[in-house]
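# Remarks on the overall topology
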Amino acid sequence: MRGKFITLEGIDGAGKSTHHAWLVAELQRRGHTVVQTREPGGTPLGEKLRELLLHEPMHLETEALLMFAARREHLAQVIEPALARGDWVVCDRFTDASYAYQGGGRGLPWAKLQALEQWVHPHVSPDLTLLFDVPLEVAQARMAAAAREADRFEQEKMDFHARVRAAYHARAADEPARIRVIDGSRTLDQVKTQLEETIASVCS
Ligand SMILES: Nc1ncnc2c1ncn2[C@@H]1O[C@H](COP(=O)(O)OP(=O)(O)OP(=O)(O)O)[C@@H](O)[C@H]1O
Ligand SMILES: Cc1cn([C@H]2C[C@H](O)[C@@H](COP(=O)(O)O)O2)c(=O)[nH]c1=O
């Protein structure tokens, strides 16, 4: 039986990475073999592209093309083989992030992103996307507290992140069955409770 494909999404600082490990452990507890991965990245080539994408200035179309190039490699080498052998895949970010960041944040027309999506993965879509949503000021405060250098995207101003968040909301409104909004501003335990309820509905 084919595995399920779960993606985590949200603006920088929404809390995705914090809950990723718990989610993987919960699915393993339920008896699933889980592949934990991320984008951009997930393969040796993808991780090299990640370094360029997070730190090298580039044209917005170059950025979008490189995100999908890394995704093509990731799908071929990791995601599709895992799903085919019945493993579940939990991926920190996927194509919704391209619509949110390159579309909403940078202003690339969604039609161009739809063309890339139709080329790179016309027949693969997440079974479930957990959209961690927090107010901008909460995310900004959390990123300010993080003791690490901000990457190209984290260095963007609040209006950029506001457009990213709005684009995520638009995606969730378009696909409410697939994209479940998680209130990431609540306590860790309250977020975990939301995740337990959502996972239970998918795993049942
Ligand atoms: N519910 C929460 N309550 C309080 N702090 C939180 C909560 N969730 C995450 N944090 C803290 O916020 C910071 C950012 O969390 P995390 O790295 O998971 O965000 P992220 O969405 O993965 O961001 P990025 O996409 O930039 O990696 C971390 O220091 C984390 O400990
Ligand atoms: C997949 C994907 C990612 N991004 C951006 C979003 C983040 O700022 C970084 C990834 O770093 P993180 O540690 O996972 O937050 O890349 C993007 O702009 N477009 C995409 O398709």
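Residues numbered from 1 in each chain as written. Chains lettered and ligands numbered in written order. Predicted model: local features only at pLDDT ≥ 70, side-chain atom pairs only at ≥ 80, totals over all residues. Heavy atoms only, no water.

- The name recorded for the chain in an unreviewed UniProt entry is Thymidylate kinase, from Sulfurisoma sediminicola.
- What the UniProt record of the chain gives under Catalytic activity (unreviewed entry) is the line "dTMP + ATP = dTDP + ADP".
- Per its UniProt entry, the chain bears the Function (unreviewed entry) comment "Phosphorylation of dTMP to form dTDP in both de novo and salvage pathways of dTTP synthesis." (UniProt positions renumbered as here; feature names shortened; annotations may be inferred.)

### Here's the deal with the site of ligand 1
- What surrounds ligand 1 is a group of 17 residues, the closest being G15, K16, S17, T18 and R186.
- Between S17 and ligand 1, the recorded distance is 2.7 Å, taken from a side-chain N or O atom to an oxygen atom.
- A distance of 2.7 Å is found between an oxygen atom of ligand 1 and a side-chain nitrogen or oxygen belonging to T18.
- Coverage of ligand 1 by the protein chains reaches 71% of its 630 Å² of free accessible surface.
- Mapped by element, the contributors of at least two residues to the shell around ligand 1 are α1 (16-29) and α8 (188-203).
- Considering each element in turn, the shell around ligand 1 owes the most residues, 3 residues, to α1.
- For the shell around ligand 1, the class distribution of residues is 4 nonpolar, 6 polar and 7 charged. (Near = heavy atom within 4 Å. Polar contact = N/O pair within 3.5 Å; in protein donor to acceptor, adjacent residues only side chain to side chain. Areas by Shrake-Rupley, 256 points an atom, 1.4 Å probe, with all protein chains shown as cover. Helix = DSSP H or I, 4+ residues; strand = E, 2+ residues; numbered from the N terminus. Nonpolar A, V, L, I, M, F, W, Y, C, P; charged D, E, K, R; others polar.)

### A word on the site of ligand 2
- Lining the immediate environment of ligand 2, one finds 13 residues, of which R50, R71, S98, Y101 and Q102 sit closest.
- D12 places a side-chain nitrogen or oxygen 3.1 Å from an oxygen atom of ligand 2.
- S98 is positioned such that a nitrogen or oxygen atom in its side chain is 2.6 Å from an oxygen atom of ligand 2.
- The protein chains hide 93% of the 480 Å² of surface that ligand 2 would expose on its own.
- Of all the secondary-structure elements, those providing two or more residues to the shell around ligand 2 are α3 (60-84) and α4 (95-105).
- Looking at the shell around ligand 2 residue by residue, the classes come out as 6 nonpolar, 2 polar and 5 charged.

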